Amino acid sequence: MCLKIIGAPAALFISLNVLGSRFVFADDLIGLDSDIKRNLMNTTSFEARTRALLNEQRQSGTYKHLQYIVGPMGPTVNLEGRGDVICLCSNNYLGLANHPEVVAAAHAGLDQYAAGTASVRFICGTFTCHREIEETIATFAGTEAALTYVSCWCANEALIGTIVGPNDVIFSDALNHASIIDGCRLARPRERMVYAHGDHADLEAKLKANMDADARWVITDGVFSMEGAVADLAGLVEMCKRYDARLIVDDSHGVGVLGRTGRGTPEHCDVLGRVDIITGTLGKALGGAAGGYVAGSQDLIDLLVQRSRPSLFSNALPPTVACSAKQAITLLQRDTVLMDRLRANVARIRTGLIALGYECQDSPSAIIPIMIGDEAEAIRKSEQLLDLGVWVVAFGYPVVPKGKARLRVQVSAALTDKHIDQVLTAFGEIK
Ligand code: PLP
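The rules we used
- Residues numbered from 1 in each chain as written.
- Predicted model: local features only at pLDDT ≥ 70, side-chain atom pairs only at ≥ 80, totals over all residues.
- Heavy atoms only, no water.
- Pairing = 2+ DSSP bridges.
- Helix = DSSP H or I, 4+ residues; strand = E, 2+ residues; numbered from the N terminus.
- Axes fitted to C-alpha atoms, helices over the stretch in contact; angles between N-to-C directions.
- Near = heavy atom within 4 Å.
- Polar contact = N/O pair within 3.5 Å; in protein donor to acceptor, adjacent residues only side chain to side chain.
- Areas by Shrake-Rupley, 256 points an atom, 1.4 Å probe, with all protein chains shown as cover.
- Nonpolar A, V, L, I, M, F, W, Y, C, P; charged D, E, K, R; others polar.
- Expected span 1.5 Å × (residues − 1).
- Buried < 20%, exposed > 50% of the residue type's maximum accessible area, 1.4 Å probe, protein only.
- Arc of directions from axis to C-beta.
- Left-handed = near helix turned anticlockwise from the far one by under 90°.
- Contact = heavy atoms within 4.5 Å.
- pLDDT = per-residue confidence, 0-100.
- Salt bridge = Lys/Arg side-chain N within 4 Å of Asp/Glu carboxyl O.

A short note on the sheet that holds strand β7 (residues 191-195)
Inference 1: The sheet built from seven strands is open, its strands ordered β5-β11-β10-β9-β8-β6-β7 with mixed pairing. For this open sheet the edge positions go to β5 (145-149) and β7, each flanked by a neighbour on one side alone. Geometrically, the sheet is characterised by an average inter-axis angle of 20° between neighbouring strands, direction not taken into account.
Inference 2: Relative to β7, strand β6 (residues 169-173) runs parallel, the two sharing five bridges.

Pasting the structure below:
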């Protein structure tokens with residue numbers, strides 16, 4: 001799937017979640033319709049078809065322009081060529097990407113371990129800081145053990161590609177992240193089934209029809225990134241128990257955000273310790289650098305160490321990231337100040353936007369989609385906001401259904417009351 005970012009100053013696109021049938025990716029990925037792509041791919045050399053594809057993207061307005069930021073990620077960022085703007089489009093939910101203790105931990109990691117392992121984990125690529133971050137993640141997630149990867153993308157592919165057997169069936173929510181989709185493609189199960197988004201009746205029917213499989217794997221995002229919607233994990237835990245299925249939750253947008261102590265969607269849904277496997281990223285709330293993890297039973301982690309291809313054949317997490325992410329989690333374990341601040345900021349922005357007459361979907365997450373409807377109007381509004389010093393990205397088809405274009409506001413604990421006043425004033429001006 002392709003996540004189309006139609007934010008100013010130029011149209012921008014990022015691969016993220018896909019809508020609907022997420023097991024159809026390649027065409028979505030570049031925002032082209034299948035027939036056009038098939039014709040292009042069939043008839044031309046690599047050079048010619050590449051130029052044609054790029055031209056098509058330029059013409060259809062789906063060409064990605066990268067915005068260069070000068071300096072650290074924070075509540076405001078210095079956009080090259082534009083200057084300081086309030087940033088409402090990063091996943092820096094707790095503002096830890098530039099937190100002094102997180103940055104100092106990265107420096108200390110660099111001093112102690114230098115740049116990296118120059119090796120994969122099982123040869124000579126495991127530093128003691130890897131054990132420390134993995135023990136910290138497991139404690140935080142409430143699981144026996146954890147294993148890190150260079151990204152959550154990698155973690156999802158490693159996990160699903162390793163654990164699923166040939167007579168197993170996968171059941172994946174229709175709005176799951178692209179890394180889950182690709183992980184499912186790497187696995188070779190008896191069948192991959194997509195259930196309608198959040199539709200437990202559909203999932204139940206599919207589970208019932210597959211009771212003869214060796215194992216049933218239900219996979220869902222904890223928080224869905226386009227809607228900010230939260231999976232009903234209590235219902236899914238119950239359903240998996242009833243149909244002897246295992247539940248995998250990718251909590252990349254939930255960890256650090258949901259739950260009183262920031263332990264994510266399982267804490268929010270009161271099922272901490274009852275989700276079989278959790279994956280997540282260290283590249284959003286937990287320091288914002290990069291890195292991902294799988295958390296689960298000791299047997300599962302042992303299996304991944306022995307068999308998962310990204311850890312057997314690819315370098316370990318850089319030590320700076322292992323150290324900065326560990327410090328980020330330590331900050332969360334110390335008190336709930338950042339989570340409380342984030343919740344207060346989300347409430348203030350959501351209430352303010354609704355008071356201004358915007359249609360905001362309800363959610364406890366830090367993602368506030370503002371429904372605009374018309375795509376051109378959404379783009380126009382994001383450009384106007386940027387001119388007023390507020391960076392919000394607009395999303396249109398095919399990332400969201402036609403006629404459901406939206407601005408996606410992502411809130412950070414680092415935003416001050418003054419920033420929020422400015423944000424609401426800007427939204428008021430463009431209404
Ligand atoms: N899973 C979900 C739900 C995500 O939203 C993302 C990133 O957008 C990822 C996985 C990938 O995370 P990473 O950047 O660590 O690869």
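Points about the site of the ligand
Inference 1: Looking at the ligand, there are 13 residues lining it, with Cys152, Asp250, His253, Thr281 and Lys284 nearest.
Inference 2: The backbone of Cys152 places a nitrogen or oxygen atom 2.8 Å from an oxygen atom of the ligand.
Inference 3: Contact distances for the ligand include 2.8 Å between an oxygen atom and a side-chain N or O atom of His253.
Inference 4: Isolated, the ligand exposes 400 Å² of accessible area, and the fraction of that covered by the protein chains is 85%.
Inference 5: Within the shell around the ligand, the residues separate by chemical class into three nonpolar, seven polar and three charged.

A short note on helix α17 (residues 417-430)
Inference 1: Its 14 residues place the ends of α17 20 Å apart at the C-alpha level, agreeing with the 20 Å of an ideal helix rising 1.5 Å per residue.
Inference 2: Within α17, burial applies to His419, Ile420, Val423, Leu424, Ala426, Phe427 and Ile430. On an axial view of α17, the arc spanned by its buried residues comes to 155°, and they lie on one face. Seen from the buried face of α17, the exposed residues on the opposite side, beyond 90 degrees, are Lys418 and Glu429.

Points about the packing of helix α4 (residues 100-113) against helix α14 (residues 319-334)
Inference 1: The N-to-C vectors of α4 and α14 enclose an angle of 145°; their axes lie 7 Å apart at closest approach. Judged by the sense of rotation from one axis to the other, the crossing of α4 with α14 is right-handed. Of α14, the residues touching α4 (which contributes Glu101, Val102, Ala105, Ala106, Gly109, Leu110 and Tyr113) are Pro319, Thr320, Cys323, Ser324, Gln327, Ala328, Leu331 and Arg334.
Inference 2: Its residues placed into classes, the contact of α4 with α14 shows nine nonpolar, four polar and two charged.

Description of the confidence of the model for the chain
Inference 1: Considering every residue of the chain, the mean pLDDT works out to 91; 90% of them sit at 70 or more.
Inference 2: Predicted confidence is poor over residues 1-30, with pLDDT under 50, and the contacts of this stretch with residues over four places away or in other chains come to 131 contacts.

With respect to the side chain of Glu134
Inference 1: With respect to the helices, strands and loops of the structure, Glu134 is situated in helix α6 (residues 128-141).
Inference 2: Side-chain polar atoms of Glu134 contact the side chain of Thr148, separated by 2.7 Å.
Inference 3: Excluding residues within four positions of it along the chain, Glu134 makes contact with Arg121, Ala146, Leu147 and Thr148.

Remarks on the pattern of salt bridges
Inference 1: Summed over the entire model, instances satisfying the criterion amount to 15 salt bridges.
Inference 2: Among the ionic pairs, Asp417 bridges to Arg341, the shortest N-O distance being 3.1 Å. With a gap of 76 residues between them, Asp417 in helix α17 and Arg341 in helix α15 (residues 337-355) connect regions that are remote in the sequence.
Inference 3: Connected through shared salt-bridge partners, Arg341, Arg348, Asp417 and Asp421 make up one network.

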